[in-house]
Amino acid sequence: FLKGDLEWVSRMRAIRELWIDNNPLSAQIPESLSRASTLASFSAGSCGLTGSIPASLGNLADSMTHLWLNDNVLTSEIPGDLSKLSNLQTLSLMRNEFNGGVPSEICFELGRLQTIQVDSSVPCECCTCCGHNSISVQNIGTRVWKHRSNG
């Protein structure tokens, strides 16, 4: 198992995917993660992550395509800067303790977003305001939307 913080990730200059699910980290997501400029997929579900999602993750705009942070203890608000992740296809934030809802800019500005997963208690306008053909599935208190382009 991995333990401690995630500062070591920023020193991995050519990392493409990092899946560290089910590790007892009990740490915060470091601002330095945004320096892993080639990181495309980051999955850290059930790691006991605390604190907020750093807005600086929006700096991974050219690389990040999938972000899974479900089943943690993340608080604060979901940062609107995630809308800078122009290549993002999957955003999973279920089973955390966020304040507020999904920022509308995430719905409007992420044209490649195919799936967003948040708890049903987290306000989200993505299904009604983004202009995609949407499918809404209710499942164990969570919302799962799969977006298809209007192509």
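Keep in mind that this is a model prediction, so the values were computed, not measured. (Residues numbered from 1 in each chain as written. Predicted model: local features only at pLDDT ≥ 70, side-chain atom pairs only at ≥ 80, totals over all residues. Heavy atoms only, no water.)

Attention shifts here to the pairing of strand E7 (residues 115-119). With five of five residues buried, E7 lies mostly within the body of the structure. Side chains of E7 alternate between two faces, with Thr115, Gln117 and Asp119 and Ile116 and Val118 buried alike. With three bridges joining them, strand E6 (residues 90-92) and E7 adopt parallel strand pairing. By the bridge assignment, Thr90 is partnered in E7 with Thr115. Of the crossover connections in this fold, the one passing from E6 over helix H1 (residues 104-109) to the parallel E7 is right-handed. (Buried < 20%, exposed > 50% of the residue type's maximum accessible area, 1.4 Å probe, protein only. Helix = DSSP H or I, 4+ residues; strand = E, 2+ residues; numbered from the N terminus. Pairing = 2+ DSSP bridges. Right-handed = clockwise from strand over helix to strand, strands pointing away.)

This part takes up the environment of Leu93. Within the secondary structure, Leu93 sits in the loop between E6 and H1. Separated by 22 residues in sequence, Leu93 and Asp71 have C-alpha atoms that sit 7.7 Å apart. If we ignore the near neighbours within four places in the chain, the residues touching Leu93 are Ile53, Leu69, Asn70, Ile78, Phe98, Gln117 and Val118. (Contact = heavy atoms within 4.5 Å.)

Another aspect to go through is the confidence of the model for the protein chain. Of the residues in the protein chain, 83% have a pLDDT of 70 or more, and the chain-wide mean is 81. Per-element averaging of pLDDT across the protein chain places strand E8 (residues 133-139) at the bottom with 36 and strand E4 (residues 66-68) at the top with 97. Every residue in residues 129-143 is under pLDDT 50, and counting partners more than four places away or in other chains gives 48 contacts. This model gives residues 146-151 a pLDDT under 50, and the stretch forms 21 contacts once residues within four places in sequence are excluded. (pLDDT = per-residue confidence, 0-100.)

Checked against the element boundaries, Cys126 lands in helix H2 (residues 126-129). Sequence spacing of Cys126 and Cys107 is 19 residues, and the spatial spacing of their C-alpha atoms is 4.8 Å.

On to the nonpolar core, then. One broad trend across soluble globular proteins is that nonpolar side chains are buried collectively. Within the largest apolar cluster, 39 residues are counted, with the highest numbers of intra-cluster contacts made by Phe42, Leu49, Leu69, Leu82, Leu91 and Val102. Those elements that provide at least two residues to this core are H1 and E7. Other than its neighbours up to four places away in sequence, Leu49 contacts Leu6, Leu25, Ala27, Ile29, Ala44, Leu69, Asn72, Val73 and Leu74. (Core = buried A, V, L, I, M, F, W, Y, C linked by side-chain atoms within 4.5 Å.)

A few words now on unusual backbone geometry. The backbone phi angle of Ser46 is positive, close to 55°, even though this residue is not glycine. Within the chain, Asp71 stands out as a residue other than glycine whose phi angle is a positive 60°. When you line up the elements, Asp71 lands in the loop between E4 and strand E5 (73-74). Asp71 sits in the partly exposed class, given a relative accessible area of 24%.

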